[in-house]
Every structure is written in structure tokens, then in C-alpha cells.
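Commentary on secondary and tertiary structure
The primary structure of each chain is shown beneath.
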Amino acid sequence: MKTKLFALCTAFAVTVSLAAQISIIPKPNKIEKGEGSFIFNKQTVIYTTEKSQQNATYLRGYLKNATGFNFESVKVSPASNFIVLDIASSYNIPAEGYSLEISTQGITIKSSTGTGAFYAIQSLLQLMPPTVYSGKATGFEKWSVPVVKIEDSPRFDYRGMMLDVSRTFFDAETVKRYIDWMSHHKINKFHWHLTDDNGWRVEIKKYPELTRKGAWRGPGEVLKASFGSGNQRYGGFYTQEQIKEIVAYAAERHIEVIPEIDLPGHSKAVTASYPNVGCDGEIGELSVQGEGQNAWCVGKEPNYKMLEDIIKEMVKLFPSKNFHIGGDEVNYAQWGTCPHCIALMEKEGMKNHEELLNYFVRRMESIVEKHGKHMSGWDEILDGGNLNPNSRVYAWRSVAKGIESVTKGQPTIMMPGEYCYFDMKQSPIERGHNWAGIVTLEKSYSLDPIGTANLTDDQAHLILGVQGALWTELLGWPARFIDYQTYPRLAAIAEVGWTQPQYKEWNNFYKRMTRHHFERMYQMGIFFRVPPPVAKYENGAVKAELPYSWAVVRYTTDESEPTSFSPVYKGEIFTDKPHKFRFATFFKDELKSVTISPENAPYIYLKPETRIETSILENNRFPIKNLTDYKYDTYFRSASRVKAGDYLIYQFSEAVNASRITVETGIPNISFYGVTDGYVEFSYDGKNYIKAGYFERGVVVFLPEKPVLAVKIVITAPNDGHILSLQDLRIEL
Ligand code: ACM
Ligand code: ZN
């Protein structure tokens, strides 16, 4: 009994000390700490002014759910034990700003708008025990908040997040949850990338084929399989009713939804559904993403009628003043051979395809303006001519593009890939792209949207803010990878957008993040990325460095995945089998980092002399000989999409005595363009083959019982990519 009581007291003490700390993300711009705390109880009441009813309902939802107290509304300003929500447009507080004053007697929030009060509430929630987010109280919470005075307002008006729902489709519930989490980070724009080559996701009543056909890919569909969707029908879209519901849900959380339909490139889903939309010439070179015939024809006049019809339907769904038309990565090859595009260029005296793009963009601008909105587009819309000064530019290729944009007088959102693209890897061994580099949390945090560029005040004011972006071609797996890629990086971008640069400091942010915000995100239900340890083999021992001093790192000694039952790492371990060790950081048993093996203890792979026989055509920039050099960063690419029945055999000149062979496909380290439908078989005699297994996420592993002479990959359905990538075999002694 005594022991148990002691344990209870300890838990209680810990909760109190955590709650008493002020560790808000994004960091407020002015905090004055006081002494003592305000304690919530059954009698605590909420006093609202005329404009703060909605805020009160929102706040009460969290408080009641978590504490079980009622938080009744009162009409008379109470003397003690109160939460006052006081909104008055006469207050000299910036639109999204607030003051939050906590005394031992009560909590007073003041703002000039409902948005300001909403952000005050977000700060207040972060002062409470984190279970306030889940409503799953442990019974040990002390429902109190520290005495403090916060005066706060954001550095930038635009603090956004873009989600691509084309490459991977996310249902309405997932999108809502995503928006809700954004709001807890004071993110105020949701840029919804609704269309791309791999799926059109917004219902347009006048053009039903856009979603009847263009929202689906796979066998027999107009869109071929892509990005891991494999040999099955894949897709989905949002009805106009669902869109309205999501937009309203976002508005309740003070988030503006900015729709994007990506034009005139990235439009395979359109040209596959309405083939007249495309150009009439030769397809020519493929787009960056490997699509042919995926641009709107600029020279066909009926296209502008169709576009206006689409925009007319969409502006009714989205109250935002802004409408994003894409404009990025247009493959000009189709325009180059199209008689309509050629004729238009001659008529208008255009010298190049940038000018043709500008022609298209200007026409979109006038349609969008006609329907009461301003146009936005990716930074390619700066090319080829001028823009309406109202048109916003989203600088994704570099900071320099953002500088170019404001120098030309355009309102600009900074979202350079190297800081803001959450489809990039978070470390070299993690899933993700790397064309914009490894985008660590620290890298995202280090962005200053205005930075050191020599801008005039007017130019600096044109930088409206910052935005994270999640492109989703690699998001098909693992489960909840959308959470993992977004958090905690979006919290870093939130602070970039909110907090004045003089109050930003990486070590301080990382401590707030790992010490407090991890727990909050966990209670919100986010499957965020937990940072892995670093493990090394040195002087006969494996050693792990924890990613933060209170991290729980677990390990195994048999190559298996660490689980919550694996022992906790306490210090170096002497071993002569370092390559058998695996480490992972755990957060609360459920969340864990990627699994790592010790550096300096690599596997020893055999490199037998190998010959390749295949039915698959090679792309000569990624030739077949890359499969037999046993360099694991070089790889093979097919020249085209493979088909059922295609095969590739690795033939050893002498039988190889291997304990395990791993057949890994896809671009090394990205697992992109691997085998989705197929199997591996192997042969001891070079004639008879034994099935080793079907590909799962592009990998087959098998354990031969005798020396092996050949390993064969067999494709059973067209691969879901315009190319297939294969790698060297990993053959272990
Ligand atoms: C983009 O990443 N193509 C805007
Ligand atoms: Zn054309």
C-alpha cells in the first residue's frame, strides 16, 4: 500500500511541474510569467461578450470533455473563478492577436476578432495538461494553468499547409482531422491541391467524367496505376456537399481553404477523361513525372469555356478570395507540335512557350477575377510575361524565386522545397524524396521567409508568409505516413510563420517540442515522427546516442524490429555481432522511430560474378550493368512501363552459398518505381525454379538451403509507374 501511494504522489508531482511550465508552440511574442496558478473546478464559469459565443462553445468543448466540469455561461462579469472571453473591435489588438492574462482568480482573454480569441484559446490549451486534447483524463491531472500574461500576434498573415490529395487520396474525415491539427498550431490556410495527373478529386456537375473516370486509376480505367496503387482500382473524390462541409469545418477553426486545380500541366486526369482538352500534335517527350499528353491545349478556344464552367462551380464552394490555378512544370513538348498552339503563337507573335504559358495564365487570371477572386499560381507563372498585380506567387523552387516574385511586385508565399516540402526525407534512411535535400525539423525551423535578401520595405511586405507542402506520391504506405511526414515539421513552419525572428531559437524549440509538444501531439492522436537514436560500433561495443536526454531507446540483438517489449538501452554493449543489433526510439510504446543498425557494422554482402537475362528494355542512362556492379546506389531503369510476363534473371557464374538473399526493387532508398505485382523464384540448378515469394512493397527476402545459381523476377501485372527500377541483389554469407 505504501509503495502504491508513493507512486501516486510522484505521478502527481510530475504532472504539476509539467503543467506549470510555459512551452507554447508557436512561441508567443511576449510572455510575462507570474507566481502561482489558476485552478479549474466545478464552479469555474465562462463569461462571454456578444461576439465570443462561438469561441466559448469551442473552449467549453475541450474543457468539459477533459475535466468533467460544466463551465456554465454567466451573464454578469464574475469576481473570481472565471474565464472571460472579451472580443471588441475597439481593442487595439491586431486582427489575429490576443492578450491572455491568467491570475490566481481567473483567465481573461481579449481580442479584436474571433480569430484572435481562437488563438488565445490555443495558447491556453497548451498551458493545460496535454490530456485536454484527447479528453482521456488519467485522474492524476491537476487542472490548473500558471499565472502569466501573454500578448501575442503573428509575424505573417499567411501561415499555410498544402496537401496533395491526387497522388494519394484522403477521405473527408482524414482531411478534417488534418485541418483540426493545423488549427492547434495557429496555421490559418489550407491549400488543397485537388487535381493532378493521377486523379481529379472535386465533383464538377457540368463535367461528370472528371470524377467518373478521372478520379480512378488501375486496370481498365482511363488512368494507369501509379505510386503503389498496383493492380487494383484506386481513387476517390469529394462531392460538392463534402467540400462545403470541410470548408465550414475549417472556417470554425479559422482556417481559409484555398482550392487548387493544377493547370495547364499536371492534367492527365482531365485529358484522359475529356481527350479533346489535350493538344493534337505528337506526344513527344514526357513530363517530369513521366506523363504524356497531360497539358491543356492553349490554342483550343472551347477549353476556356470549360475552364470557366469549372471555376464557376468551384468559386461557389470556396469562400476564399483566392483561387490557385497551378501553372507548374508544364511539359511544353505537346504544345510544340500542336497545330492549334502553333497557330495561336503565330497569331499573337509569341516567341516561346513561356509566352504561351503566360497567355494561358492571363486568361485564367481574367476568368478568376471575373468571378470575384484573385488568382494564385506556382512560381513558373512569373515566366514569359507580366501578371495582374493581385496574382499571388507560391515560390517553391527556391528562395530566389520568391525574391524574384516580390521584385516584380507580386504578393508571394515562401515555400522553398528545401525547407517546406514534407515529401522530402527526414533522414537519409527514411522514406521520402531527396531532390530538395534532406528536410530535417531543424532545417524547416531555420527558414526566414524574408531572410537576408536586400528587399525594400514594400518588397518585404509582399512576402505574405510561409507554407509547408505535402506531395503524396510516396504516401500510399506505411499507415499514417501523412502524420509522420507532417509532424513535427509543420510545427516548425508554424513557428516560422508566427514568431518574430528574435524570439526563435532552435535548441529552445527542440526542447519545447520533445519535452512538451510530443505529448500534446500524442494526445491529439497524431502519429508524428519520433527521432531515431544514432548507433555506432566502436572498440568492440555498440553505443547509442539518444535523440534527446529523456528518450526511451529500445534494442534487439537478432535483427528483429524493436518492440515495446524489447529492453531499454542503458549503455554500451560489448559484442562481436554488431550487425545483428537494431535500435529505435519509443514514445509511449505506440509510437516509434525508424529502426536503425549501428554505423560501422555493415552487412558483408557477397559479390558473385553475375550475368543478366531479361525481357525488359533498358533506359541506357540506368543500364543493366548497374545490377551487377554490387554498388547499392546505382540501379537499373526500364525504358518503358513493364507488362505481365516480363522477367529478369540474375545468373551467377558459379553457385553461391548464401544464408539470405534480399531482392529489393525501386529507386534505392526511395522505394519508388519498384515491383508492385510480381514474384521471385530461384534455382539451385539453373533449370528448375522454386517460388521465393510475392513482392511486398517492392521487396522479397528468402533463405536458400543450398548454393543458388539463379534468381528470377517475374512481373504479373503492368507495373504502376512509367518505369521500373531494379537493384543489385543483397547476398549474405
Ligand atoms: C511543384 O512542386 N511542382 C509545385
Ligand atoms: Zn495545343
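Because the structure is predicted, anything quoted here is derived from the model rather than measured.

Glancing now at the pairing of strand β28 (residues 647-656). Pairing of strand β26 (residues 610-614) with β28 involves five bridges; the strand directions are antiparallel. The residue bridging Thr614 from the neighbouring strand is Leu648, located in β28. Relative to strand β33 (residues 708-715), β28 runs antiparallel, the two being bridged by six bridges. Residue pairing for β33: Leu648 is matched across the bridge by Ile713.

Of the strand pairs in this sheet, strand β20 (residues 534-538) and strand β21 (residues 541-545) are connected by five bridges, and their pairing is antiparallel. Each residue of the ladder has a partner; that of Ala535, found in β21, is Ala544. Remark: two residues form the turn of the hairpin made by β20 and β21, two consecutive strands paired antiparallel; Asn539 in that turn has positive phi of roughly 50°. Inspection of the sheet shows β21 paired to strand β23 (residues 573-574) by two bridges, in the antiparallel sense. For Ala541, the partnering residue across the bridge sits in β23 and is Phe574.

The next subject is empty space enclosed by the protein. Space left empty within the atom packing is revealed by a probe, the size of a water molecule, rolled over the atoms. As enumerated under the stated definition, the model contains one cavity of 30 Å³ or more in all. Here the largest cavity is characterised by a volume of approximately 30 Å³. Forming the boundary of the largest cavity are Lys30, Glu32, Lys149, Ile150 and Glu151. Here the lining of the largest cavity gets three residues from one element, more than from any other, and that element is strand β7 (residues 144-152). For the lining of the largest cavity, the per-class residue count stands at one nonpolar, no polar and four charged.

The next point concerns the sheet that holds β21. The three strands are arranged β20-β21-β23 in an open sheet whose pairing can be described as antiparallel. Since the sheet does not close on itself, it has two edges, and those belong to β20 and β23, each with one partner.

Attention now moves to the packing of helix α8 (residues 302-317) against helix α11 (residues 353-370). As a packed pair, α8 and α11 sit with axes 10 Å apart at the nearest point and diverge in direction by 40°. Relative to α11, the element α8 is oriented oblique. Where α8 crosses over α11, the two elements pack in a sense that is right-handed. Contacts between α8 and α11 involve Tyr304, Leu307, Glu308 and Ile311 on the former and, on the latter, Tyr359, Phe360, Arg363, Met364, Ile367, Val368 and Lys370.

Backbone torsion omega between Ile25 and Pro26 reads -5°, so that peptide bond is classified as cis. Among the secondary structure elements, Pro26 is positioned in the loop between α1 (2-19) and β1 (31-39). For His254, which is not glycine, the phi torsion reads 60° and is therefore positive. By secondary structure assignment, the location of His254 is in the loop between α6 (240-252) and β14 (256-263). With a phi angle near 75°, Asn669 is a residue other than glycine that sits in the positive phi range. Along the chain, Asn669 falls in the loop between β29 (660-664) and β30 (678-683).

Parameters and conventions
- Residues numbered from 1 in each chain as written.
- Chains lettered and ligands numbered in written order.
- Predicted model: local features only at pLDDT ≥ 70, side-chain atom pairs only at ≥ 80, totals over all residues.
- Heavy atoms only, no water.
- Pairing = 2+ DSSP bridges.
- Helix = DSSP H or I, 4+ residues; strand = E, 2+ residues; numbered from the N terminus.
- 1 Å grid on protein atoms, 1.4 Å probe; cavity = no way out; pocket = protein on both sides within 12 Å on 5 of 7 lines; lining within 4 Å.
- Points joined across faces, edges and corners; volume = space filled by probe spheres on them.
- Nonpolar A, V, L, I, M, F, W, Y, C, P; charged D, E, K, R; others polar.
- Axes fitted to C-alpha atoms, helices over the stretch in contact; angles between N-to-C directions.
- Parallel < 35°, antiparallel > 145°, perpendicular 65-115°, else oblique.
- Left-handed = near helix turned anticlockwise from the far one by under 90°.
- Contact = heavy atoms within 4.5 Å.

So, to be careful, I would describe these as geometric facts and stop short of saying anything about function.
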